[in-house]
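Summary of the model geometry
Chain by chain, the residues:
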Amino acid sequence: MMERFCYEVEDPERRVELLDVIQGRGAFNRFRRTTQRFELQAAWYRFRDRALEQIAKEWLELHQIPYQ
């Protein structure tokens, strides 16, 4: 999910840096600090919330569970 977010960042320099920080151990903390530094936290949380909602909808549909 973090990688998909990185690819949506328009600024190529920021995109590359974000992709670099998500490699290896401690990736989430580095990602969090970098999104803070780039003032992208709100965008990340919106992206994450939409992605989690989509994952939940797909799971519910797969298991034929109705939802609103």
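Refer to the structure printed above.
Summary of the structure given here. (Residues numbered from 1 in each chain as written. Predicted model: local features only at pLDDT ≥ 70, side-chain atom pairs only at ≥ 80, totals over all residues. Heavy atoms only, no water.)

In this section: the pattern of salt bridges. As enumerated under the stated definition, the model contains 3 salt bridges in all. Salt-bridge contacts for Glu-53 lead to Lys-57; the nearest nitrogen and oxygen are separated by 3.2 Å. Placement of both Glu-53 and Lys-57 in helix H4 (residues 41-62) is noted, with a separation of 4 residues, approximately one turn of the helix. In this structure Glu-53 comes out as partly exposed when scored by relative accessible area, which is 46%. (Salt bridge = Lys/Arg side-chain N within 4 Å of Asp/Glu carboxyl O. Helix = DSSP H or I, 4+ residues; strand = E, 2+ residues; numbered from the N terminus. Buried < 20%, exposed > 50% of the residue type's maximum accessible area, 1.4 Å probe, protein only.)

Turning our eyes to something else, we now look at the environment of Leu-18. If you trace the backbone, Leu-18 turns up in helix H2 (residues 12-21). Since its relative accessible area comes to 0%, Leu-18 is described here as buried. Remark: the alpha-carbon pair of Leu-18 and Arg-48, spanning 30 residues in sequence, is separated by 15 Å. In contact with Leu-18, other than residues within four places in its own chain, are Phe-5, Cys-6, Val-9, Phe-31, Thr-34, Thr-35, Phe-38 and Leu-40. (Contact = heavy atoms within 4.5 Å.)

This part is about the side chain of Thr-35. Tracing the backbone through its elements, the reader meets Thr-35 in helix H3 (residues 27-37). The residues contacting Thr-35, other than those within four sequence positions of it, are Phe-5, Leu-18, Leu-40 and Gln-41.

A few words on the side chain of Thr-34. Following the sequence through the fold, Thr-34 ends up in helix H3. In terms of polar contacts, Thr-34 uses its side chain to reach the backbone carbonyl oxygen of Arg-30, at 2.8 Å. Residues in contact with Thr-34, not counting those within four places in the same chain, are Glu-17, Leu-18 and Val-21. (Polar contact = N/O pair within 3.5 Å; in protein donor to acceptor, adjacent residues only side chain to side chain.)

This part takes up the packing of aromatic side chains. Considering all chains together, one arrives at 6 aromatic pairs under this definition. Considering the side-chain rings of Phe-31 and Trp-44, the 4.8 Å spacing of their centres and the 80° angle between planes classify their relative orientation as edge-to-face. Taken together, the positions of Phe-31 in helix H3 and Trp-44 in helix H4 put the pair 13 residues apart, joining distant regions of the chain. The same class applies to Phe-31 as to Trp-44, namely buried. Summarising the aromatic geometry, the rings of Trp-44 and Phe-47 are spaced 6.3 Å apart at their centres and angled 25° between planes, so their arrangement reads as stacked. Of this pair, Trp-44 and Phe-47 are both found in helix H4, 3 residues apart, which corresponds to roughly one turn of the helix. Taking relative accessible area as the criterion, Trp-44 reaches 5% and is therefore assigned buried. With a relative accessible area of 8%, Phe-47 lands in the buried category. What links up through ring pairs into an aromatic cluster is the set Phe-5, Phe-28, Phe-31, Trp-44 and Phe-47. (Phe/Tyr/Trp six-rings, centres within 6.5 Å; stacked < 30°, edge-to-face > 60°.)

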